[in-house]
Amino acid sequence: MKNIRKRRKKREDQARRPVLNRDVDMTLISPHDDAELDFFKKRALSSAVVLIFFFAVLVSRLWYLQIQQGDRYRQMADNNRVRYVEVVPPRGNIFDCKGREIVTNRPSFNVVLSREDSGLNDEMLKKMASILGEDVSVLLERIRKMAGTPGHIPIRLAEDIDWDKVAFIENNRLELPGIRIEVVPRRIYHYGNLASHIIGYLGEINERELQASAAGVYRGGDLVGKMGLERLLEKDLRGEKGREYMEVNALGFEQKYLKGIEPLPGDDLKLTINMDLQRVAEDTMAAQDKAGAVVAVEVNSGRLLVAASAPALKLDEFVGGISYKAWQAMLDNPRHPLVNKVDQGQYPPASTYKLVTALAGLAAGVITPDTVFYCPGYYRLGNRIYHCWKHAGHGAVNLVQALAQSCDVYFYHVGQLLGVDRLAFYAGKFGLGRKTGVEMQGEKPGLIPTAAWKMRRYKKPWQEGETLTIAIGQGFDLVTPLQLCMMTATIANGGTLYKPGLIESIRDPSGRLVEQFEPHVSGRLTGQAANLKIIREGMIEAVNSRHGTGRSARLKGITVAGKTGTAQVVRLRQFKHMREEDVPYKYRDHAWFTCFAPAENPEIAVTVLVEHGMHGGSAAAPVARAVLQAYFKGRLKKAGNPALVMSSGRGGRSRAD
Amino acid sequence: MLRFDRRLIYDFDWVMVLFLLLVSGMALVNLFSSTWNGGPDPSPIFFKQLYILLFGYVLILILVTFDYKELVPLGYILYGVVILLLIYTGLFVHTIAGTQRWINLGFFHLQPSEPAKLAVVLVLAAYYSNHGTEDGYRLRDIVQPGILTAVPFVLIMMQPDLGTALMLGILFVSMTLFVKLRWSTISILGTAGIGVAFIGWKFLLKDYQRRRIETFLNPEGDPMNHGYQIMQSKIAVGSGQVFGKGFLEGTQGHLHFLPERHTDFAFSVWAEEWGFVGSVFFLGCYFFLLLWGINIAMTARDKFGVLLAFGLVMLIFWQAVINLFMIMGFLPVVGIPLPLFSYGGSSLLTTLISIGILMNIRMRRYQIKT
């Protein structure tokens, strides 16, 4: 034991010896031995300063990048890796008054390209073009159109592609960097083109709309309402966009789903329109192949039941953008399909205006219900002759007869007694000459002239002869079918002028009521109940008496009361002796018919305008009758219902007004 | 039988070993992350680097066994071999990615420009220690070391590998400024250097090399290319913030926004995942290792030792500075790795050999009478 320890100690001593030697050696080295070695070592020391300097530079750079600018770079790193995709919400649905779907949504599939992720890869675009069956130039054109927009906004390469193409693209994702399938709700029109002018259509947002909207709501390529309720109620219908945040790698492939914000669907719209009646109105107009408007309103609330403008818009043409050619064709069409004639079409009211003249006469006291004027077929004012439409004359007629037979001479008398301004005052009471405030686009006010207006407009005094023309609804007078319908409703309900309503209710996606229709009174004819009753009698006679002008609107079981009108488009001598059918289309007279029913306890008022339809009794009244027939279905007497709808015999004996 | 010299253990440079292990350990951790593909296993690249590292450690153990003065003839031999290999690559090696740099040895792709740096340091140290001067070198005294540098410089430029060639130039300048020069020599060389840089820019640089420098000067002009790489690197570093995103959590690296993330831009990955704290810790270890190298130079027993140690430190130091400056956006993209840290066998072996030689010099800092 001792031995071993001794041996180990000896070994350690031996091992330590070089250390001792080293200490001895050290004394042998004098730093001044070799001047150059000394110089080198000083240099080495100063190089250490250089090293420490660079270390300090690097650390301060790290401080700057990671601490001072760290938040900014963290943000940039997140921008690199996080992509969000906007999720378009389903637009609000539109229902009719019975809760039937008019417009809803279906999913459609778009191909989108995010430029940041793919750059512009020719190879990939070629592949994409062959999958879509389109030429590369089409895709390049779409990319070029978006060239000015920020890079993070994706470009839509194709819209509404088939399922098998969707499947193919999804299966080949790895070869198509930056390409994504986007699911977007698309409008589906359950009633085809019915009520197209009211509903309107969608189109891609344009530069002006984009700038006018609040930031972040829209971006290029979004669909917005371009017309009708789709446009007027865009804010309610559009809902709120959702977002899906994804992590992507440098090649643009999605790595994982980070989070999502669900889109909020738009509010649902319930209209006052009854699509059954709307269909009847539009089909009847279409069957005649006529341009014009049909309006039906609930007389005691102002709810619009029908608001039809013919010819209808082809809504499907607008889905996914209308072609320039189709658009131009619509602009050039003499029947003006783009105009909603219900509220934008202004026409002389013609004989329907005699209702205003009659009320004004009674209310102003210039006539009584028993006042009789003699009609020899003409009226002389100064040295001018004003004709009645019936050149043989009506003989002695009272007010009811004059309304029923639409005697011009009777109303020449009334008009002259009233003067233009009193006439205009009562026209105003019926809401004529100003906008009704309906939820439709571009409503026109019409025109009810006064002496002061003419002075302002033409710097000429009013002529008394013009009053005669105005009294029978010609000359300067202009009304829209909607205004005339509201006037008819006012006569029918005893003097309350309602604002026409189109929207029954608006509900948000959770079913909460946002807005509910309430009748809105925009004017009242006070103390005129008796006078209005006389006028209603005249309207009943006009439809139901033997000499009435509106006989083609008669219904069995329901008493219809109405008034015809034939508005001259031009007064040209050259057409005077032509047969009506030979007059060129654009110079033919417009046909009016306005009515309400049942006469005893009115519920509905219907107004029909047929552009260049020539006679109110023959062209317009049957359309109104068809709507009434549909409305009163079940309440009509079955037997002996004369098939008058299309017959033009009765009303059109001559210029039967 | 060879008697085992106990001094190999008593004088062993444990400090260097400690910092070498620290730095190369961090390098392995980072390589695991930068080559990680989401699975539980490290990538094959990781193992390749690990084996080379272990081989390098063995090489260090061999390198410290003999006195470094033996390296003078060995340095000239290495120099000669390297020149031959460079000529060989220039003539026979197929082009990879537009350059001819690698010689396929079957198990290993050798990049002869890496040992070329080591060879130049060796021959310059040998030359200057043999040719002493009292009142500074004149111009004609440095013609010979100039030629010794210029031959591999030109060969490497022809590959073309601008970064490595410039490294040779920088090593020559560093070591020549280290020894005593006359002021007249310095001013003549300075003027000539500016002239060469100008002519080089005009006539010698390839288009893509010139573009890199232009890009650096105006990064907006070329957003998707080299400016993009630098930008992504700065984003990676900066987004690491104070404590980093965590190991394997760096988004810039793992989502492939960083280019060359296991080679030239390896430190970006480290900075992103470990933040300011981790980056400063790494740089602290790294620079301590370099300063320890300077300390070795200051305590070396002879001129050759000082010059050699200094040259080797400069070899590692300048590569590191250029690489880090590039990563932090101070320099254009130059293909220079961060020694010990970037992936790449030739560079790692060269660096480990350098460190082995440093340890050798350290262990023989006392004059030993024999």
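Look above for the structure.
Notes on the structure follow.

Criteria and cut-off values
Residue positions are given per chain, counting from 1 as you read along its sequence in written order. Whichever chain is written first is A, and whichever ligand is written first is 1; the rest continue in order. Note on the predicted model: pLDDT of at least 70 is required for a residue's local features to be given, and 80 or more for side-chain atom pairs to be given and counted; whole-chain, interface and lining totals, by contrast, use all residues. Excluded from the side-chain calculations are hydrogens and water; all other atoms, namely the structure's heavy atoms, are used. Here a strand is any run of E in DSSP of at least two residues, a helix any run of H or I of at least four, and the numbering for each starts at the N terminus. A simple rule labels every residue: compare its accessible area, found with a 1.4 Å probe on the protein chains alone, to the largest value its type can have, and call it buried under 20%, exposed over 50%, or partly exposed in between. Between two residues, a contact is recorded if the distance between any of their heavy atoms is within 4.5 Å. For accessible areas, the Shrake-Rupley method is used with a probe of radius 1.4 Å. Any residue's cover is judged against the shown protein chains and nothing else. Only protein atoms enter the 1 Å grid used here. Points where a 1.4 Å probe fits but cannot escape make up a cavity, open sets with protein on both sides within 12 Å along at least five of seven lines make up a pocket, and a residue lines them when an atom lies within 4 Å of a point. Grid points are joined across faces, edges and corners, and a volume is the space filled by probe spheres set on the points. Think of it this way: DSSP has to see at least two bridges between two strands before they count as a pair. Geometry is summarised by axes, namely lines fitted to C-alpha atoms with helices restricted to the contacting stretch, and by angles between N-to-C directions that run from 0 to 180 degrees. The quantity reported as buried area is the accessible area (1.4 Å probe) lost by two parts once they are put together, taken as the sum for both. Salt-bridge detection follows one rule: a side-chain nitrogen of Lys or Arg within 4 Å of a carboxyl oxygen of Asp or Glu. Whenever a nitrogen or oxygen atom comes within 3.5 Å of another N or O atom, the pair is scored as a polar contact, on the condition that within protein one atom can donate a hydrogen and the other can accept it, and that pairs from neighbouring residues in sequence are kept only if both atoms are in side chains. Residues are grouped as follows: Ala, Val, Leu, Ile, Met, Phe, Trp, Tyr, Cys and Pro are nonpolar; Asp, Glu, Lys and Arg are charged; every other residue, Gly included, is polar.

1. Topic: the overall build of chain B
Part 1: When helices and strands are counted, chain B shows 14 helices and two strands.
Part 2: Across the 370 residues of chain B, 57% fall into the buried class.
Part 3: Considering only intrachain contacts with a sequence separation of at least 6, the fraction spanning at least 24 residues in chain B is 76%.
Part 4: Just so you have it, chain B exposes about 16000 Å², and 69% of that area is on carbon and sulfur atoms.

2. With respect to the side chain of A:Ser406
Part 1: As for its placement among the helices and strands, A:Ser406 is situated in the loop between α17 (399-405) and α18 (408-418).
Part 2: Residue classification places A:Ser406 among the buried residues on the basis of a relative accessible area of 0%.

3. Structural notes on empty space enclosed by the protein
Residue and element names in this part refer to chain B.
Part 1: In total, this model carries two cavities of 30 Å³ or more according to the counting rule given.
Part 2: Of the voids in this model, the second largest cavity is the one considered here, and its volume is about 70 Å³.
Part 3: Every residue lining the second largest cavity is listed: Ser24, Ala27, Leu28, Leu31, Gln49, Leu53, Leu340, Phe341, Ser342, Tyr343 and Leu348.
Part 4: Among the secondary structure elements, those contributing two or more residues to the lining of the second largest cavity are α2 (14-34) and α3 (44-63).

4. Section: the sheet that holds strand β9 (residues 254-261) of chain A
Backbone hydrogen bonds are what pair the strands of a sheet, in a parallel or an antiparallel way.
Residue and element names in this part refer to chain A.
Part 1: On the basis of which strands lie adjacent, the open sheet formed by three strands has the order β1-β8-β9 and antiparallel pairing. Taken across any chain shown, the strands that pair with only one partner, and hence form the sheet edges, are β1 (82-87) and β9. The mean angle between the axes of side-by-side strands here comes to 25 degrees, regardless of whether they run parallel or antiparallel.
Part 2: Summarising the sheet, strand β8 (residues 242-248) and β9 pair through six bridges and their orientation is antiparallel. Across the sheet, tyrosine 245 pairs through a bridge with lysine 259, a residue of β9.
Part 3: Together, β1, β8 and β9 form the strand contacts of helix α3 (residues 70-81), whose direction differs from that of β1 by roughly 55 degrees.

5. Looking at the interface of chain B and chain A
One frequent convention defines the size of an interface as the accessible area lost when the parts assemble.
Part 1: On the side of chain A, 44 residues touch chain B, which itself brings 64 residues to the contact.
Part 2: Both faces combined, the contact of chain B with chain A buries some 4800 Å², and carbon together with sulfur accounts for 73% of it.
Part 3: A per-residue breakdown of the area chain B buries against chain A is headed by B:Gln241, B:Leu255 and B:Phe276, which together make up 13% of the total.
Part 4: Along the contact surface separating chain B from chain A lie zero salt bridges.
Part 5: In this structure, the connection of chain B to chain A is made through 15 residue pairs in polar contact (both at pLDDT 80 or more).
Part 6: For the side of chain B that touches chain A, the secondary-structure elements that each account for two or more residues are α1 (7-10), α7 (162-178), α10 (226-239), α11 (251-254), α12 (266-298) and α13 (303-327) of chain B.
Part 7: If you tally residues by element for the side of chain B that touches chain A, the top one is α12(B), at 14 residues.
Part 8: Each residue belonging to the side of chain B that touches chain A can be placed in one class, and the counts come to 37 nonpolar, 16 polar and eleven charged.

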